[in-house]
Amino acid sequence: MEITKEFKRHCIAFGQAYERFEHLVFDWGLESKPLVREMKNHLLLERDGEYPQDYFRYSTPALLLQRVLTDGKMLKRFQNTQERFMVSREKQVLSSLLERPAFWCFFTIIEIYEEEFALIEDLFRGETHLMHAPNLCLRKRVDGSRQKSYLSLMMYTGQCLANIGLLRIYTLSKTDMRFYCSLFAGSESDDETTLGEVINDHYNDFFVLDKTDATTRVMHGEYELRQTWQSLHLEDFDINRLGGTWTSTQVGALRKYTLVSHDQSIQDLPNGNLLSSDPPLMKALIVRDHDSGDMGFMSTSEPAHALYVALFERAYPELALPQEPEVSIPTSLLFRIVNVGLPLPWGRFEEIMKDMDAMQP
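Attention in this report is confined to the structure presented alongside it. (Residues numbered from 1 in each chain as written. Predicted model: local features only at pLDDT ≥ 70, side-chain atom pairs only at ≥ 80, totals over all residues. Heavy atoms only, no water.)

What to know about the overall build of the protein chain
- From N to C terminus, the protein chain includes 13 helices and 13 strands.
- For the C-alpha atoms alone, the extent of the protein chain along its principal axes is close to 80 × 45 × 35 Å.
- Relative to its full complement of 361 residues, the protein chain shows a buried share of 49%.
- Restricting to contacts in the protein chain with at least 6 residues of sequence separation, those with at least 24 account for 65%.
- Looking at the protein chain as shown, the accessible area adds up to about 17700 Å², and 47% of this sits on carbon and sulfur atoms.
- One finds the centroid of the 38 positive side-chain charges in the protein chain at a distance of 8 Å from the centroid of its 53 negative side-chain charges. (Helix = DSSP H or I, 4+ residues; strand = E, 2+ residues; numbered from the N terminus. Buried < 20%, exposed > 50% of the residue type's maximum accessible area, 1.4 Å probe, protein only. Contact = heavy atoms within 4.5 Å. Areas by Shrake-Rupley, 256 points an atom, 1.4 Å probe, with all protein chains shown as cover. Lys, Arg positive; Asp, Glu negative; His and termini not counted. Charge placed at Lys NZ, Arg CZ, Asp CG, Glu CD.)

Written as structure tokens, this is what we have:
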């Protein structure tokens, strides 16, 4: 892609005008009692000590920008009192935002051009955009080929996108982030407004993602440790049909099964050999509601999930389980979800699954 000098000059000039425009937004926002109150409440989170050093120095101003620049009505109120203090380029920034307010974008970098432009993919909308981001391009060159995902407030400059405020870097995949958003939204949704609505409505809880090590990948050998879950339904179930030896625990109509020892027939299934060579990777449990026939199995890795799919399909050929888990999230993300108290798909079995130590590698 060719970046012309005129195009580059436009992006640089727009960025410079935005910096001056942003100062006006801060000055105006700090006169708003509701915004100041919300910023003070955000700063209270600093007390738990789990966030990176200096995090709130950047996240608190980002909160104010998000509240003003994503809200068309608030932008109009800002215009009514502040436009008269702006020069023409700053008015152009305001005009761009009034036409298309800032929005949240979760993205990856496809390619870098001219050392300061990035072709990005919006992982929620499936769109590609050119983004003017000198600092991000520099960071990408330092990181090399390591795959990262980014989350930022974005605005349209008239020619390309530019990020606003804090640029967050995660190791979360598209499916990880969509699942996380679905827990706040109450349902799975790929609608383009979901990400923005969730962040706007749950800013402090959503950004527990920014706690130290909140989304760090935990590896066990060549595999990532992930919490997987698959639901299923069987009117009748006999654990002995799966083979091996199992222990069981019962609470009311709920029962939990854990594999104690396996036989050769299990070891011959996909990844069955890992039960002996790498037990921590293959930890799993099965839960069942004997009244309804609803069931599920949880594991600590996708290889373990594949083994349990094979176990069930061998014992119950009528089952057609998906090869990909219904849920598969990093263990670090699970801890933050539990910390916030978000409802999980296996919530109905929580009483029988309280002793989760057995699931920790």
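There's plenty left to go through after this.
Digging into the layout of surface pockets
- In this structure, the largest pocket spans a volume of roughly 1200 Å³.
- Contributing to the lining of the largest pocket are 44 residues, with Asn-163, Gly-165, Leu-166, Leu-167 and Arg-168 lying nearest its centre.
- For the lining of the largest pocket, the elements supplying multiple residues, two or more each, are helix H1 (5-29), helix H3 (55-69), helix H6 (134-143) and strand E5 (161-170).
- Of the residues contributing to the lining of the largest pocket, the split by class is 23 nonpolar, 12 polar and nine charged.
- Every residue lining the second largest pocket is counted, 18 residues in all, and those nearest its centre are Gln-147, Thr-171, Leu-172, Ser-173 and Arg-217.
- Among the elements that take part in the lining of the second largest pocket, helix H7 (residues 174-185) stands out by supplying three residues, more than any other.
- For the lining of the second largest pocket, the per-class residue count stands at four nonpolar, six polar and eight charged. (1 Å grid on protein atoms, 1.4 Å probe; cavity = no way out; pocket = protein on both sides within 12 Å on 5 of 7 lines; lining within 4 Å. Points joined across faces, edges and corners; volume = space filled by probe spheres on them. Nonpolar A, V, L, I, M, F, W, Y, C, P; charged D, E, K, R; others polar.)

Quick notes on the nonpolar core
- Counting 67 residues, the largest nonpolar core has Phe-21, Leu-69, Met-177, Tyr-180 and Phe-206 as the members making the most contacts within it.
- Ignoring sequence-local partners within four residues, the contact set of Leu-69 consists of Tyr-18, Phe-21, Val-25, Leu-75, Leu-97, Pro-101, Ala-102 and Ile-164.
- Counting 30 residues, the second largest nonpolar core, distinct from the first, contains Phe-237, Leu-242, Ile-266 and Leu-311. (Core = buried A, V, L, I, M, F, W, Y, C linked by side-chain atoms within 4.5 Å.)

Describing empty space enclosed by the protein
- Under the counting rule described, the total for this entry stands at one cavity of 30 Å³ or more.
- By volume, the largest cavity is sized at about 40 Å³.
- Taken together, Ala-62, Leu-65, Trp-104, Leu-153, Ile-164, Gly-165, Leu-166 and Arg-168 make up the full set of residues lining the largest cavity.
- Sorting the residues of the lining of the largest cavity by element identifies H3 and E5 as the ones contributing at least two each.
- Among the elements that make up the lining of the largest cavity, the one with the highest residue count is E5 (four residues).
- Residue classes in the lining of the largest cavity are distributed as six nonpolar, one polar and one charged.

Topic: the sheet that holds strand E9 (residues 245-251)
- The antiparallel open sheet is built from six strands, whose spatial order is E9-E10-E11-E12-E8-E13. Two strands lie at the open edges of the sheet, namely E9 and strand E13 (327-330), each paired on one side alone. Sheet twist, expressed as the average angle between the axes of neighbouring strands with direction ignored, equals 20 degrees.
- Running at roughly 105 degrees to E13, H7 makes contact with strand E8 (226-233) and E13 of the sheet.
- Relative to E13, helix H13 (residues 331-340) is tilted by about 95 degrees, and along the sheet it contacts E8 and E13. (Pairing = 2+ DSSP bridges. Axes fitted to C-alpha atoms, helices over the stretch in contact; angles between N-to-C directions.)

Comments concerning the pairing of strand E11 (residues 284-289)
- Counting buried residues along E11, six of its six residues qualify, which places the element largely inside the surrounding structure.
- Going residue by residue along E11, you find Ala-284, Ile-286 and Arg-288 tucked away on one face and Leu-285, Val-287 and Asp-289 tucked away on the opposite face as well.
- Pairing between strand E10 (residues 254-261) and E11: four bridges, direction antiparallel. The residue of E11 that forms the bridge with Tyr-257 is Ile-286.

Focus: helix H4 (residues 72-82)
- Listed in full, the buried residues belonging to H4 are Met-74, Leu-75, Phe-78, Gln-79 and Gln-82. Projected down its long axis, H4 carries its buried residues within an arc of 145 degrees, all on one side. Exposed and oriented more than 90 degrees from the buried face of H4 are Lys-73 and Asn-80.
- For H4, the elements touching its buried residues are H1, helix H2 (33-43), H3 and helix H5 (88-99).
- Where H4 begins, the side chain of Asp-71 points an oxygen toward the backbone nitrogen of Lys-73, at a separation of 2.9 Å. (Arc of directions from axis to C-beta. Polar contact = N/O pair within 3.5 Å; in protein donor to acceptor, adjacent residues only side chain to side chain.)

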